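# Close look at the chain arrangement
One-letter residues, chain by chain:
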Amino acid sequence: MPTSNKSSGKFRRAKARHLLFTTGPNKLSGGRLFRKHFDQSINLHNVTIETPKWPTAFDGLRIGHVSDFHLGDLMPINRALRAVELLKTQEPDIVVCTGDVVDLYVDGASPLLEALAAIDAPLGTMLVLGNHDELDCDRTLTTMAKNAGVQILRDASCRINHRGNTLNIAGIDWAKTSKQCRAKVKSVCNEETHLLLSHNPKAFRVASELGVPLTLSGHTHGGQVAMPNRKGANLAVARGYTAGLYEKNDSRLFVTVGVGAWFPLRVNCPAEVALITAKTTG
Ligand SMILES: [Fe+2]
């Protein structure tokens with residue numbers, strides 16, 4: 001078993017934040033905060049994304065996009081499995097998860113990864129890691145994903161052959177800064193890349209420069225608190241791409257607000273699983 005990072009400063013700081021913003025306030029509220037949080041529904045978000053650069057052979061591809069489960073205190077396994085079940089009813093052609101499978105501890109992630117694989121999408125289930133996935137032990141999570149039948153892209157790309165056509169997918173590990181994103185995206189994308197998976201939406205800056213048709217991200221949770229009917233006006237103010245669809249030339253970015261949360265509050269920003277229909281206008 002690979003060694004965990006539990007003794008690292010990063011893990012300890014994340015645990016302290018969890019106590020301060022999540023378990024502590026919940027205790028003070030007598031458990032009311034968690035109960036209210038668990039009462040909130042997880043929505044299905046249908047999105048159509050069009051670009052002339054999307055490959056004609058995959059016109060109309062239905063991508064099931066989930067992100068930021070944060071399995072742990074705020075996401076018991078049964079709630080996570082309900083979200084996966086909701087996506088399964090949509091029969092997506094491919095399933096992608098853009099990271100933060102777990103909140104702190106990797107223990108217990110296998111049933112969720114197995115459920116994502118069991119959607120049994122014809123083009124498979126893909127995963128990239130988020131910042132929270134690295135807190136405890138990214139290598140254990142990687143092994144869990146592989147054992148579950150989930151293809152994990154760690155600064156890597158793959159070719160999916162389907163009915164004689166090829167879909168090129170690239171995925172990067174967590175990268176915090178634009179500069180780190182730039183280096184990673186440049187190492188895995190080329191002019192043939194159709195789809196980039198990156199936990200951090202900042203990767204879109206370089207992906208759009210390279211002409212990647214579609215980038216899918218998470219990480220922001222849409223700030224978890226947004227203005228009514230304005231997903232883009234939210235608490236994730238320090239970030240450029242916070243929620244929803246963005247365009248630059250012929251490249252597109254979709255940032256899902258995610259399934260889970262890192263503190264027990266969501267206002268005008270409901271948890272979601274996304275079903276994306278990717279279309280070409282070429
Ligand atoms: Fe997250």
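In what follows, the structure referred to is the one given above.
Here goes a summary of the coordinates provided. For clarity, every value in this text was computed on a predicted model and none was experimentally measured.

## Section: a nonpolar patch on the surface
Residues L20, F21 and W262 make up a contiguous nonpolar surface patch of roughly 310 Å² in combined accessible area. Residue position: W262 is located in the loop between β13 (251-255) and β14 (271-280).

## Side note on the coordination of the iron ion
Donor atoms from the polypeptide that coordinate the iron ion comprise D68 (OD), H70 (NE2), D100 (OD) and H221 (NE2), at 2.1 to 2.3 Å from the metal. One chain supplies every donor for the iron ion, spaced along it as D-x1-H-x29-D-x120-H. Within this pair, whereas D68 is found in the loop between β2 (61-66) and α3 (77-88), its partner D100 is found in the loop between β3 (94-97) and α4 (110-118), the two being separated by 32 residues in sequence. Residue D68 is classed as buried on the basis of its relative accessible area, which comes to 0%.

## Some points on a positive patch on the surface
There is a patch of like positive charges on the surface, built from K10, R12, R13, R17 and K176. Looking at the secondary structure, you find K176 in the loop between β7 (165-172) and α6 (178-188). A relative accessible area of 55% means that K176 is categorised as exposed.

## Describing the sheet that holds strand β5 (residues 151-152)
The mixed open sheet is built from six strands, whose spatial order is β1-β14-β2-β3-β4-β5. The open sheet has two free edges, formed respectively by β1 (42-51) and β5, since each of these has just one partner strand. As paired strands, β1 and β14 are joined by 10 bridges and run parallel to one another. Bridge pairing in β14 places I42 opposite A271. Along the sheet, α3 makes contact with β1, β2, β3 and β14, crossing β1 at roughly 45°.

## Points about the nonpolar core
F69, V101, L113, L127 and L141 are the most contacted members of the largest nonpolar core, which has 33 residues in total. Counting residues per element, this core draws most heavily on α4, which supplies five residues. Here L113 is in contact with V101, L127, L141, M144, A145, A148 and V150, once residues within four sequence places are set aside. Counting 24 residues, the second largest nonpolar core, distinct from the first, contains I94, L123, I169 and F254.

## Quick notes on the pattern of salt bridges
According to the stated counting rule, one finds six salt bridges in the structure shown. Residue D138 is joined to R154 by a salt bridge in which the shortest nitrogen-to-oxygen separation is 2.8 Å. Here the residue D138 occupies a position in helix α5 (residues 138-148), and R154 occupies one in the loop between β5 and β6 (156-162), the gap between them amounting to 16 residues. R154 sits in the partly exposed class, given a relative accessible area of 25%. With a closest N to O distance of 2.9 Å, R182 and E209 form a salt bridge. Of this pair, R182 sits in helix α6 while E209 sits in helix α7 (residues 204-210); the two residues are 27 residues apart in sequence, bridging distant segments of the chain. In the salt-bridge network here, residues are joined through shared partners; they are D138, R154 and D173.

## Structural notes on the pairing of β7
β7 sits mainly inside the fold: six of its eight residues count as buried. Inspection of the sheet shows β6 paired to β7 by seven bridges, in the antiparallel sense. By the bridge assignment, S157 is partnered in β7 with A170. Once β6 ends, the chain turns through two residues before running back antiparallel as β7, passing R163 with a positive phi of about 50°. Sheet analysis places β7 next to strand β8 (residues 195-198), joined by four bridges and oriented parallel. Note on β8: the bridge partner recorded for G171 is L197. Between the parallel elements β7 and β8, the chain passes through α6 in a crossover that is right-handed.

Calculation rules
- Throughout, residues of each chain are indexed from 1 in the direction in which the sequence is written.
- With pLDDT at 70 or above as the cut-off, local features in this predicted model cover only qualifying residues; side-chain atom pairs require 80 or more to be listed or tallied, and sums for whole chains, interfaces and linings still use all residues.
- Excluded from the side-chain calculation are hydrogens and water; included are all heavy atoms of the structure.
- Here, patches come from residues exposed beyond 30% relative accessible area and free of salt bridges, joined within 9 Å for like charges and within 5 Å for nonpolar side chains (Val, Leu, Ile, Met, Phe, Trp, Tyr).
- Each accessible area value is a Shrake-Rupley result obtained with a 1.4 Å probe; residue values ignore everything except the protein chains displayed when judging cover.
- For this analysis, a salt bridge means a side-chain nitrogen from Lys or Arg found within 4 Å of a carboxyl oxygen belonging to Asp or Glu.
- Elements are defined by DSSP. Helices are runs of H or I of four residues or more, strands are runs of E of two residues or more, and each kind is numbered from the N terminus.
- Only nitrogen, oxygen and sulfur atoms within 2.8 Å of the metal, or 3.2 Å for Na, K and Ca, are treated as donors, and water is left out, so sites may look incomplete.
- Summary of the burial criterion: residues with accessible area below 20% of their type's maximum are buried, those above 50% are exposed, and those between are partly exposed, where the area comes from a 1.4 Å probe applied to protein chains only.
- Residues counted as positive are Lys and Arg, residues counted as negative are Asp and Glu, and His and the chain ends are not counted.
- The atom standing in for a charge is NZ when the residue is Lys, CZ when it is Arg, CG when it is Asp and CD when it is Glu.
- By the convention used here, strands pair only if DSSP detects at least 2 bridges between them.
- In what follows, residue pairs with any heavy atoms lying within 4.5 Å of each other are defined as contacts.
- Axis definition: a line fit to C-alpha positions, over the contact stretch in the case of helices; interaxial angles, taken between N-to-C directions, run 0 to 180 degrees.
- The nonpolar core is taken to be a set of buried Ala, Val, Leu, Ile, Met, Phe, Trp, Tyr and Cys residues, with the residues joined through side-chain atoms within 4.5 Å.
- The path from the first strand over the helix to the second decides the hand: if it runs clockwise while the strands point away from the viewer, the crossover is right-handed.

Just geometry here; none of it tells us what the structure is for.
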